[in-house]
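Residue strings, one per chain:
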Amino acid sequence: GGGLATLVKSDLRPVWVSQGDDFTEILVIQIHIENLQVRVINCYGPQACDSNERKITFWNRLQHEVNDAFENQCEVLIQMDANSHLGSDLIKGDPNAQNMNGKLCADFLKRSSLVLINGTEKCRGTVTRSRTKSSKEESAILDFVILSDFLEDALEFMEIDEDRTFPFSSYVKGKPKHSDHFTELLKFNI
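Here is what the cut-offs are and how they apply
- Residues numbered from 1 in each chain as written.
- Predicted model: local features only at pLDDT ≥ 70, side-chain atom pairs only at ≥ 80, totals over all residues.
- Heavy atoms only, no water.
- Buried < 20%, exposed > 50% of the residue type's maximum accessible area, 1.4 Å probe, protein only.
- Helix = DSSP H or I, 4+ residues; strand = E, 2+ residues; numbered from the N terminus.
- Pairing = 2+ DSSP bridges.
- Lys, Arg positive; Asp, Glu negative; His and termini not counted.
- Salt bridge = Lys/Arg side-chain N within 4 Å of Asp/Glu carboxyl O.
- Contact = heavy atoms within 4.5 Å.

### Comments concerning the pairing of strand β3 (residues 36–44)
Okay, so step 1: Among the 9 residues of β3, 7 are classified as buried, and the element is accordingly described as predominantly covered.
Okay, so step 2: For strand β2 (residues 25–33) and β3, the ladder comprises 9 bridges, and the chain directions are antiparallel. Residue Glu-25 lies in a different strand from β3, and its bridge partner there is Tyr-44.
Okay, so step 3: In sequence, β2 turns back onto β3 through a hairpin of 2 residues, with Glu-34 there showing a positive phi of about 55°.

Here it is as structure tokens:
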């Protein structure tokens, strides 16, 4: 229902690479930092209630995009709302146990040789979404940053904006409505 958008400064010479569809929500662009080529993959994972077919199709497509990036000698930066609970074995302090989506995400991480930044020492903060549903406060880690080794080495830090200093907001009649997801800020030294 929401769609994906990736905003990039023109100085980075962004180029569209590929996109999924309503069934597989993935948007891939390539940016250039001097001689370095980076594939930026923005995606929205299937819901827990989605069919296994949709889940498997999504993770296979994401794996294809990573493989294609590596074949083209590109570094990989994935930012995603994975709709996956990975559990505290993968992310210290995860308030939720691993679910089926989390298992599929964990399997992808093992296959892809990428680094999940959430839960590493470079990540400041833990929870990426907080909301009240039926008078109950829910906290979750659903949004992930996943990097290739070179970008992980170049990453100085990632901060999850739990204080909502920089919230994603929509405006209706001039009043902001903040997203229940927190902004993730990354600082690289490239």
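### Focus on the side chain of Asp-143
Okay, so step 1: By secondary structure assignment, the location of Asp-143 is in strand β9 (residues 143–147).
Okay, so step 2: One buried charged residue, Asp-143, forms no salt bridge at all, with the nearest opposite charge on Arg-129 at 7.1 Å.
Okay, so step 3: Setting aside its immediate chain neighbours within four residues, Asp-143 contacts Gln-79, Met-80, Asp-81, Asn-118, Thr-128, His-181 and Glu-184.

### Topic: unusual backbone geometry
Okay, so step 1: With a phi close to 60°, Ser-113 is a non-glycine residue in the positive phi region.
Okay, so step 2: Mapped onto the elements of the fold, Ser-113 is located in the loop between α2 (100–112) and β5 (115–116).
Okay, so step 3: On the basis of relative accessibility, which here comes to 54%, the residue Ser-113 falls in the exposed class.
Okay, so step 4: Positive phi values are uncommon outside glycine, yet Ser-135 reaches one of about 65°.
Okay, so step 5: With respect to the secondary-structure elements, Ser-135 resides in the loop between β7 (129–133) and β8 (136–140).

### Concerning the sheet that holds strand β6 (residues 123–124)
Okay, so step 1: Strand order in the open sheet made by the 3 strands is β6-β10-β13, with mixed pairing throughout. The two strands at the open ends of the sheet, each matched to only one other strand, are β6 and β13 (184–188).
Okay, so step 2: Looking at chain direction, β6 and strand β10 (residues 155–160) are connected through 2 bridges and run parallel. The residue bridging Arg-124 from the neighbouring strand is Glu-159, located in β10.

### Comments concerning the environment of Ile-26
Okay, so step 1: Tracing the chain through its elements places Ile-26 in strand β2.
Okay, so step 2: Take Ile-26: its relative accessible area is 3%, and that puts it in the buried class.
Okay, so step 3: Measuring from C-alpha to C-alpha, the distance between Ile-26 and Ile-41 comes to 6.9 Å, with 15 residues separating the pair along the chain.
Okay, so step 4: Every residue in contact with Ile-26, bar those within four places of it in the chain, is listed here: Leu-4, Ser-18, Gln-19, Gly-20, Ile-41, Asn-42, Cys-43, Phe-58, Arg-61, Leu-62 and Glu-65.

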